[in-house]
Structures are given as C-alpha cells and as structure tokens.
Amino acid sequence: MNVQHELKNLFHIGPRVKDDRYAWIDYAKGIAIILVVYRHAAYGLISSEIVVKPWVIDLNNALYSFRMPLFFLLSGLFFNRSLLKRSPKNYAIAKVNTLLYPYLLWAVIQITLQILSGGGYANADRSSADYLNIFVQPRKLDQLWYLFALFNVSMLYLLTTVVLKTKGKWQLLIGLVLLGIAPFLKNISTFYDIALHYIFFSIGSVCADFFFSERSRGQLSSFSSLLLLLPLFVVSQYYFLRYPEMNLYLYAFVAIAGSIFTIVLSFILSKYQVMDFLQMLGHYSLYIYLIHVSVGAFIRYQLINIDWFREHTTVFLIVMIITTILLSILLYRVLTMIGMQFLFKGSFREVKHTSVINNQQA
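Residues numbered from 1 in each chain as written. Predicted model: local features only at pLDDT ≥ 70, side-chain atom pairs only at ≥ 80, totals over all residues. Heavy atoms only, no water.

Structural notes on the overall build of the chain
Put simply, the rule is: Strands here mean DSSP runs of E at least two residues long; helices mean DSSP runs of H or I at least four residues long; both are numbered from the N terminus. Only heavy atoms matter for contacts: two residues are in contact if any of them lie within 4.5 Å across the pair. Note on areas: Shrake-Rupley, 1.4 Å probe, and residue coverage restricted to the protein chains presented here.
Helix and strand content of the chain: 18 helices and 0 strands. At a minimum sequence separation of 6, the contacts of the chain that also span at least 24 residues come to 81%. For the chain, the exposed area adds up to about 18000 Å²; of that, 64% sits on carbon and sulfur atoms.

Right, dumping it as structure tokens:
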C-alpha cells in the first residue's frame, strides 16, 4: 500500500462520472442521507437542551416522510438485475456481507460506546439490555434499524420471488397487505419495519425497467416534470407535517410522492452535472449512515459549551450537518486505508457456481 499516495488523495472523493446512466441514483441517495443527518443532528441538539428554532424542526418533520422509503425504493430497483448476475444464494450472501454484518457489528460498537460514555457525549441512555434490541427492537438503536430492515425486506422479497414464484403485480399486493397489518406489529419493530417498507422495495423492483429505460429518461429529467410534481410534493409534505399519525396507506402515498419528486430532481441534477457533491455523498451514503451518529455526538460534545454556537443554533445545526458528513467520510477512508475494511463489509464468500434465473416482471 502506498500510504503517501493515499494521504494525498484522502479528500479526493472520486471523479465525477459524466456518462453514468445510474448517477441519478447516487444523487438521490445523497439528498436522502443529508436529510437523515439533518434529523439526527437537530434532535441531538434538542436532547442536549439546545433551543432550536421551530421552523427548523417543522421543515425536518415535513421531509421525514420519504427519506427512508426512498432508500428502500432505490434498493428494489436492482433486485432483478442482481438475480440475473448471481444465484439467489449468492444474492443472500451479498446482503449478509453488505447489510446484516455491518448492522450487527456497528450495533454492538455503538451500544458499547454509548454505555461507556455513561451519559457523556452520547445522549442515549444505554444498558446491556439494549444488546437484545439488536434483534427485537432495532428502532431503539438510533439510525441502525434501517440496515436490519432492508436486509429482512430483501430476504423476504427473495423468498417470495424464488420460492413462491411471485411476480411483480402480486408483489405489490403483498406489500399492500403487509402495510395493512403493520399497525398490529408496531410493538416489535423488527416485524413492523418489514411490513411498513416492503411496499417501497416492491415498487422499486416492479418499476425498475421504467426508471432505467432511455425512453423514460427524457421525461424524468425534464423541468416540466419537476414543476408538475412540485405542488403535489409541497402539499403532501405539508399534510404529513400536520397529520403525522395518518393512515399508513395515505402515508405510503405521501412517501411515494416525495420519493418520485426527489428522483426527478436527481435525474435533472445528474443530466446537467451540477451539485455533484450529492453524487459523492450518495456513493458513501451507507458508510455515513453507519458512522454519523457517533461522529455527530462527538462533534456536538466538543461545540456545545461554546457560547456563540448556543446563541446561533441554526448555524450550530448547519455546522453539525456538514462536519458530521465530512468527518464520517474521512473516518471511513482512513479506516479502509489502514486495512480495516472488515468494519464495513463481511467476508463471506459467494459460491462459485451461480445459476442465472429469468425473473421478468409481469
């Protein structure tokens, strides 16, 4: 390893891809991960008894509806393409390596750090009982629940596709049924998150051909499409702000409206190659997601006693968001540079013999 070369390029986060048909996906992930960090940073300040302006929280809550469903939808886009490249067994192994393994590892790391802090820089009050929540109540583990939920949804979708031979339109029906029973599962967040998010993964899988087709690309990257969606986006997000405990079917509609608006915006940004830092953030979104709560807690602990920041809370929040994202990327790159890739991805080997299945959507 050429350490000098790595240090020189530590802050060079890859070249902008000019002709990548899928660059819009990283743009969308970049937007979503900023919203994730925004929420956790804002509520971290509130938990530290910092008074945050009401409009900052209202904006955060209004945009809360679609950021996680968007991640599930984007993941579903690649389901069929993944099965065409690898066997179902290898698909499962890949998800263990990229989702389940880092979830289990970082859940243990994060809980342990929060216990050891003893109420210091971390706001969370943890005990050894929280290790059980890794499997039962992942929602209680700050941001990490998403990885476990996406793994479980992916495995269930794999099961219904490969074993039950369920095709596209029936996958949507399964998602709608699960959405209906989700309220009855709310006390066990492992099951609740599967029921709540399966519909978004299935929409991504069923609509993948539309999003990836050249014919659709022109429609999705036009300003007229964005302007047509804008009123729906604004009204739906405002409605969610006013009535967050809405019926889950209505919630799904609001989340899809926000996701589609973000996707169209991402197509446009990708087409004109502007704000390409979002593409970079999207590329590192998983690692930012894993690290940012611990990094953000450390930054907040360092700045919270500075009077100027306590008096200018909006600036405090912006500084928190920017530094948390950048330091999360920096920490990831440093750790991988020194050979600690095992912190972010499992090493279970895929089997050499792969069977290609034909899984065309109905």
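Resuming the write-up.
What about the confidence of the model for the chain?
Counted only if it meets this: What pLDDT reports is the predictor's confidence in each residue, on a scale of 0 through 100.
Residues with a pLDDT of 70 or more make up 90% of the chain, whose mean pLDDT is 89. Throughout residues 13–19 the model reports pLDDT below 50, and contacts reaching past four residues in sequence, or to other chains, amount to 9 contacts. This model gives residues 354–362 a pLDDT under 50, and the stretch forms 26 contacts once residues within four places in sequence are excluded.

Thoughts on the pattern of salt bridges
Just so we agree on the cut-off: A carboxyl oxygen of Asp or Glu within 4 Å of a side-chain nitrogen of Lys or Arg is what we treat as a salt bridge. For every residue, the accessible area obtained with a 1.4 Å probe (protein chains only) is divided by the maximum for its type, and the residue is called buried under 20%, exposed over 50%, and partly exposed between those limits.
Taken as a whole and assessed by the stated rule, the structure comprises 2 salt bridges. Two residues, Arg86 and Glu350, come together in a salt bridge whose shortest N-O distance is 2.9 Å. Placement of Arg86 in the loop between helix H5 (79–85) and helix H6 (88–117) and of Glu350 in the segment after helix H18 (313–337) is noted, with a sequence separation of 264 residues between them. Given a relative accessible area of 24%, Arg86 falls into the partly exposed group.

As for the environment of Arg242
Stated formally: Pairing of N or O atoms within 3.5 Å defines a polar contact, subject to two protein rules: one partner must be a possible hydrogen donor and the other a possible acceptor, and residues neighboring in sequence count only if both atoms are side-chain atoms.
Structurally, Arg242 can be placed in helix H13 (residues 223–242). Assessed through its relative accessible area of 47%, Arg242 is described here as partly exposed. The sequence separation of Arg242 and Ala62 amounts to 180 residues, and the corresponding C-alpha distance is 8.4 Å. Side-chain polar atoms of Arg242 contact the side chain of Tyr238, separated by 2.9 Å.

Side note on the layout of surface pockets
Definition in use: A pocket, in this scheme, is an open set of points on a 1 Å grid over the protein atoms alone with protein on both sides within 12 Å along at least 5 of 7 lines, while a cavity is a set where a 1.4 Å probe fits but cannot get out; residues line either one if an atom lies within 4 Å of a point. Grid points are joined across faces, edges and corners, and a volume is the space filled by probe spheres set on the points. Residues are grouped as follows: Ala, Val, Leu, Ile, Met, Phe, Trp, Tyr, Cys and Pro are nonpolar; Asp, Glu, Lys and Arg are charged; all remaining types, including Gly, are polar.
Estimates place the volume of the largest pocket at around 1100 Å³. Taken together, 34 residues make up the lining of the largest pocket; nearest its centre are Lys29, Ser75, Phe78, Lys95 and Thr98. The biggest single contributor to the lining of the largest pocket is H6, with 6 residues. Here the lining of the largest pocket is composed, by residue class, of 18 nonpolar, 8 polar and 8 charged.

Considering H13
For the record, the criterion: Expected helix span is given by 1.5 Å per residue-to-residue step, counting one fewer step than there are residues. Note on bend: at a given residue it equals the angle between the axes fitted to the 7 residues ending there and to the 7 starting there.
If you check H13, its first and last C-alpha atoms are 28 Å apart, about what 20 residues at 1.5 Å a residue would give, namely 28 Å. Where H13 bends most, the angle comes to about 35 degrees, and this point is Leu229, followed within four residues by the proline Pro231. Buried residues in H13 make contact with helix H3 (54–62), helix H12 (214–220) and helix H14 (248–272).

Some thoughts on the side chain of Asn133
On the secondary structure map, Asn133 appears in helix H7 (residues 130–133). A relative accessible area of 13% means that Asn133 is categorised as buried. With near-sequence residues (within four places) excluded, Asn133 lies in contact with Tyr103, Pro138, Lys140 and Leu141.

Considerations on the side chain of Asn97
Among the secondary structure elements, Asn97 is positioned in helix H6. Exposure remark for Asn97: the relative accessible area of 5% places this residue in the buried category. Not counting chain neighbours up to four residues away, the residues in contact with Asn97 comprise Pro102, Phe344, Lys345, Gly346, Ser347 and Phe348.

Some details on a nonpolar patch on the surface
Applied cut-off: Note on patches: the residues involved have over 30% relative accessible area and no salt bridge, like charges join within 9 Å, and the nonpolar side chains Val, Leu, Ile, Met, Phe, Trp and Tyr join within 5 Å.
Together, Leu132, Phe135, Val136, Ile188 and Phe191 make up a nonpolar patch on the protein surface, roughly 470 Å² of accessible area in all. With respect to the element layout, Leu132 can be found in helix H7.

Comments concerning empty space enclosed by the protein
The final tally for this structure, using the stated rule, is 2 cavities of 30 Å³ or more. If you trace the second largest cavity, you find it lined by Arg21, Tyr22, Trp24, Phe211, Phe212, Ser213, Glu214 and Arg217. Contributions of two or more residues to the lining of the second largest cavity are made by helix H11 (208–212) and H12. When grouped by side-chain class, the residues that make up the lining of the second largest cavity number 4 nonpolar, 1 polar and 3 charged.

With respect to the packing of aromatic side chains
Each pair of aromatic rings is reported with the distance of its centres and the angle of its planes. In plain terms, the rule: Centres within 6.5 Å are what make two rings of Phe, Tyr or Trp a pair, Trp counting through its six-membered ring; a difference in plane orientation under 30 degrees is then read as stacked, over 60 as edge-to-face, and the rest as tilted. Over a ring means this: the NZ of a Lys or the CZ of an Arg is within 6 Å of the ring centre and within 35 degrees of the ring normal.
A full pass over the atoms with the stated rule returns 31 aromatic pairs. Relative to Tyr332, the ring of Tyr287 lies with its centre 4.0 Å away and its plane at 10 degrees, an arrangement referred to as stacked. Of this pair, Tyr287 sits in helix H16 (residues 285–303) while Tyr332 sits in helix H18; the two residues are 45 residues apart in sequence, bridging distant segments of the chain. An aromatic cluster of three or more residues is present, and its members are Tyr22, Trp24, Phe78, Phe210, Phe211, Phe212 and Phe267. A cation over a ring is seen here: Arg139 above Trp145, with NZ or CZ 3.8 Å from the ring centre.

Let's talk about the packing of helix H10 (residues 189–206) against H14
Going by this rule: Working convention: axes come from line fits to C-alpha atoms, limited for helices to the stretch in contact. Angles between N-to-C directions cover 0 to 180 degrees. Between 65 and 115 degrees an angle is taken as roughly perpendicular, under 35 as roughly parallel, over 145 as roughly antiparallel, and anywhere else as oblique. What makes a crossing left-handed is the near helix being turned counterclockwise from the far one by less than a right angle; a clockwise turn instead makes it right-handed.
For the pair H10 and H14, interaxial distance at closest approach is 11 Å and the crossing angle is 45 degrees. For the element pair H10 / H14, the angle class is oblique. As for how H10 packs across H14, the hand of that crossing is right-handed. Each of Tyr192, Leu196, Phe200 and Ile203 in H10 lies in contact with H14, whose residues at this interface are Leu248, Tyr251, Ala252, Ala255 and Ile256.

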